[in-house]
Amino acid sequence: MYNSILVPIDVSETDLTRQVIPYVQAHSVLNTAKVHFLTVVPTLPYYSSLGLAYSAEMPKLKDIQHAALLKLDEIVKQFKIPAGKTQTHAAAGSPKDQILNLAKSIDADLIIIASHRPDISTYLLGSNAAAVVRHAGCPVLVVR
Ligand code: ADP
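Calculation notes
- Residues numbered from 1 in each chain as written.
- Predicted model: local features only at pLDDT ≥ 70, side-chain atom pairs only at ≥ 80, totals over all residues.
- Heavy atoms only, no water.
- Helix = DSSP H or I, 4+ residues; strand = E, 2+ residues; numbered from the N terminus.
- Buried < 20%, exposed > 50% of the residue type's maximum accessible area, 1.4 Å probe, protein only.
- Contact = heavy atoms within 4.5 Å.
- Arc of directions from axis to C-beta.
- Axes fitted to C-alpha atoms, helices over the stretch in contact; angles between N-to-C directions.
- Left-handed = near helix turned anticlockwise from the far one by under 90°.
- Nonpolar A, V, L, I, M, F, W, Y, C, P; charged D, E, K, R; others polar.

A. The overall build of the protein chain, seen in detail. Per the secondary structure count, the protein chain includes 5 helices and 5 strands. The order of α-helices and β-strands along the protein chain, N terminus first, is β-α-β-α-α-β-α-β-α-β. Looking at the protein chain as a whole, 39% of its 144 residues are labelled buried. Looking at the protein chain alone, contacts between residues at least 24 apart form 78% of all its contacts between residues at least 6 apart.

B. Geometry of helix α4 (residues 95-105). Of all the residues in α4, the buried ones are I99, L100, L102 and A103. Seen from one end, α4 has its buried residues packed into an arc of 165°, which puts them on one side. What points out from α4, more than 90 degrees from its buried face, is the exposed set K104 and S105. Buried-residue contacts for α4 involve β1 (4-8), β2 (34-41), β3 (86-92), β4 (110-114) and α5 (127-135). Just downstream of α4 lies D107, where phi reads positive at about 55°.

C. Looking closely at the packing of α4 against α5. Put simply, α4 and α5 touch, their axes get as near as 9 Å, and they point 35° apart. Seen from above, α4 lies across α5 with right-handed handedness. Across from P95, K96, I99 and L100 in α4, the residues of α5 making contact are S127, N128, A131, V132 and H135. Grouping the amino acids of the contact of α4 with α5 by side-chain chemistry returns 5 nonpolar, 3 polar and 1 charged.

This is the structure we're talking about:
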């Protein structure tokens, strides 16, 4: 039923990834053309306010993005989806904006996202998940 599925992954949250695997597997059936996985390297206003973001020790954003993509490639293996059907993406910036941008550019017809980090128990929906639910132009499956 779904042709282009988008799965945003926070590479630092292995529990959240584990949570979404069965849902991605259940929805990416034979006629699904592509499952797109996206990780977003957040920009660093906090570090930059401390004068650290552009210090010599700080790796370049492009290098961080490349490392994030390699990590995402590793994580995607856990989903056991045929290789030809997956595509990985790494972006930098605000996760919610980048998720919504990519959803548009790949014409996603489903986004599968975890609701929030388990340790942030006071919120039912994290800020990225909430913005995606509110602004996406396609159905969003929120995994709890
Ligand atoms: P919380 O505020 O509890 O961290 P979020 O809304 O940020 O909750 O996270 C929920 C989901 O949003 C994650 O499981 C993931 O799908 C997506 N997400 C969050 N951060 C990123 C990121 N940096 N890159 C890609 N996806 C992300």
